[in-house]
Amino acid sequence: MDYEGLLAEAHGLDLIVKEAHLIGNKGRIKGNRIAIRQDIPTLKEKSCILAEELGHYYTSCGDILDQSKTGSRKQEHKARLWSYNRQIGLMGIIKAYEARCTNIFEMAEYLDVTEEFLIETLDCYRSKYGQYIEIDSYIVYFEPHLGVFKMIQ
């Protein structure tokens, strides 16, 4: 989803999204307020950050800034997974394959996310699903390299 769509979703949840001077974080949520670092240059990067902050809204509770705590790390992971599924998902990977994307740059452009966000998503999915996952009539391989194959029926 693009930045404007995510802003509309946040508004529908009565969340206030503002761009602000943040040090050390690209985004932050506290209560019903989300701050996005004001010097982020592209809407594409802002959408990836806002998606993660919405992930925190949907999946986290309390103060999880101290990442030395196991519970905080788990909540951070859960929020990121939510954002990966929202912005890309397994079907997004398949759609990029169907659109004939041949590398990470092309996939990120097609999916309207940053390359960094796409790589983090693929790493997360590799950790979650292992070598591959079957979905609908496709097999998405994560190891040894990303590959999508349509099964013949």
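Values in this document were obtained by computation on a predicted structure and should not be read as measured data. Residue positions are counted from 1 within each chain, in the order its sequence is given. Selection of residues for local features in this predicted model requires a pLDDT of at least 70, selection of side-chain atom pairs for listing and counting requires 80 or more, and totals for whole chains, interfaces and linings are taken over all residues. Side-chain descriptors were evaluated using all non-hydrogen atoms of the structure, hydrogens and water having been removed beforehand.

Quick notes on the environment of D14
Looking at where D14 falls in the secondary structure, it is placed in the loop between helix 1 (3-12) and strand 1 (16-20). In this structure the C-alpha to C-alpha distance between D14 and N32, which are 18 residues apart in sequence, comes to 7.0 Å. Counting from the N terminus, the helices are DSSP H or I runs at least four residues long and the strands are E runs at least two residues long.

What about the layout of surface pockets?
In this analysis a 1.4 Å probe is tested at points of a 1 Å grid over the protein atoms alone, and where it fits but cannot get out there is a cavity; an open set with protein on both sides within 12 Å along at least five of seven lines is a pocket; lining residues have an atom within 4 Å of a point. Grid points are joined across faces, edges and corners, and a volume is the space filled by probe spheres set on the points. Approximately 790 Å³ is the volume found for the largest pocket. Around the largest pocket, the lining is made up of 29 residues, and of these G27, E52, E53, H56 and E76 lie nearest the centre. Those elements that place two or more of their residues in the lining of the largest pocket are strand 2 (27-30), helix 2 (43-59), helix 3 (70-87) and helix 6 (115-129). Looking at the lining of the largest pocket, the element that brings in the most residues is helix 2, giving seven residues. Residues are grouped as follows: Ala, Val, Leu, Ile, Met, Phe, Trp, Tyr, Cys and Pro are nonpolar; Asp, Glu, Lys and Arg are charged; all remaining types, including Gly, are polar. The residue inventory of the lining of the largest pocket, partitioned by class, reads nine nonpolar, nine polar and eleven charged.

Comments concerning the sheet that holds strand 1
The rule for pairing is simple: two strands pair if DSSP sees at least two bridges between them. The strand order across the open sheet built from three strands is 1-3-2, with neighbouring strands paired in mixed fashion. Both outer strands of the open sheet, strand 1 and strand 2, are each paired with one neighbouring strand and no more. Shown here is a sheet whose adjacent strand axes are inclined to one another by a mean of 20 degrees, direction ignored. Where strand 2 lies against strand 3 (residues 33-37), four bridges are found, and the strand directions are antiparallel. Its bridge partner lying in strand 3, K30 is registered against R33. Helix axes are fitted only over the stretch in contact, all axes being lines through C-alpha atoms; the angle between N-to-C directions runs from 0 to 180 degrees.

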